[in-house]
Amino acid sequence: MSRFFREDASQAAQNQAEDDRLFVRAADRAMQVLGAFHNATGPMTLSDIAKSASIDRSAAQRLVHTLTKLGYIRRSGDDRGYLPGIRLLDHTLDLLRLDPVVQKATPVLLELRKSLRERVDLSLYDETRLIYALRMQSKRETFFATLVGHSVPTFCTAGGRAALAQLPDDAAREILTRAPLHPFTASTKTDPEAIMAELGTARENRFAVVCDEYALGEVAVGVAITDRNGAPLSAIHLAGSLSEYTPEEFVAKAAPLAIEAASAIMAG
């Protein structure tokens, strides 16, 4: 499902660029080729890449060759296809080390993790989704869930709702019209009015709570980090297991810590 939200965000960006005279189509196609791996479960052939990137095989061949020469794509070990190249990690590092919120948040979240001893995340806000930038795991996490860059929807996650709650109602509603409101569990709220009601509560409380909506057996608290104008930039997300806490117990323990941490980051 994370791949679906990445595709949605990528398509929205392409649509906005349609009438931009400065927009470089060749760069766009190269990014489409790299974006083809969002759907991959293993090495991709040229035909796979061409289909996923919505370009012809000849164009895919030229772009893959170029990106391979530059180190952004590589042949798989069994030589049956292509994988993302190691050079992409250089750009991930650049984003994380230069992003001012990540810089300020890192020491604060390290202290928060010591205090709570549960999962602590910092996610960057991207309208219909959050993208994990820092992940400090509990003992319960899977390999995939630990990866920086993993994205989750804003409509049904605590950090996402905390971020959306910082927007005017009409702006939040517009984002919900673009979000695929698919249920992740039987408890996921998918009705826009029910979600808007949750945003109102989060706005009033200064934090959002999600229980069993995105991950079964999990209760989460989210607090937004905003710019000086109050627009959401990112969110702190704290998660606990319902086998260890009642929702009320976790909120009482985690919410004050998350609010204090967000305040420290924004004041830093």
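Relevant structure appears above.
Residues numbered from 1 in each chain as written. Predicted model: local features only at pLDDT ≥ 70, side-chain atom pairs only at ≥ 80, totals over all residues. Heavy atoms only, no water.

Caption draft 1: Summary view of the pairing of strand β7 (residues 218–226). By the criterion of burial, β7 is predominantly enclosed, with nine of the nine residues buried. Alternating positions in β7 separate into two faces, Glu218, Ala220, Gly222, Ala224 and Thr226 on one and Val219, Val221, Val223 and Ile225 on the other, with burial throughout. From the end of strand β6 (residues 208–211) to the start of β7, which pair antiparallel, there are six residues, and Asp212 there has a positive phi angle of about 65°. Of the pairings in the sheet, the one linking β7 to strand β8 (residues 232–241) comprises nine bridges and is antiparallel in character. Bridge pairing links Val221 to Leu238 in β8. Counting the residues in the hairpin turn of β7 and β8 gives five residues, including Gly230, whose phi is positive at 90°. (Buried < 20%, exposed > 50% of the residue type's maximum accessible area, 1.4 Å probe, protein only. Helix = DSSP H or I, 4+ residues; strand = E, 2+ residues; numbered from the N terminus. Pairing = 2+ DSSP bridges.)

Caption draft 2: Structural context of the nonpolar core. Counting 30 residues, the largest nonpolar core has Leu109, Leu122, Val221, Ile236, Leu238 and Phe250 as its most contacted members. Only α6 (100–116), β3 (119–126), β4 (129–136), β7, β8 and α10 (247–267) provide two or more residues apiece to this core. Per-element accounting of this core gives the leading share, nine residues, to α10. With residues near it in sequence (within four places) discarded, Phe250 still touches Leu116, Glu118, Val219, Ala220, Val221, Leu238, Ala239, Gly240, Tyr245 and Ala255. By size, the runner-up hydrophobic cluster in this structure holds 23 residues, among which are Phe155, Leu167, Leu199 and Ala235. (Core = buried A, V, L, I, M, F, W, Y, C linked by side-chain atoms within 4.5 Å. Contact = heavy atoms within 4.5 Å.)

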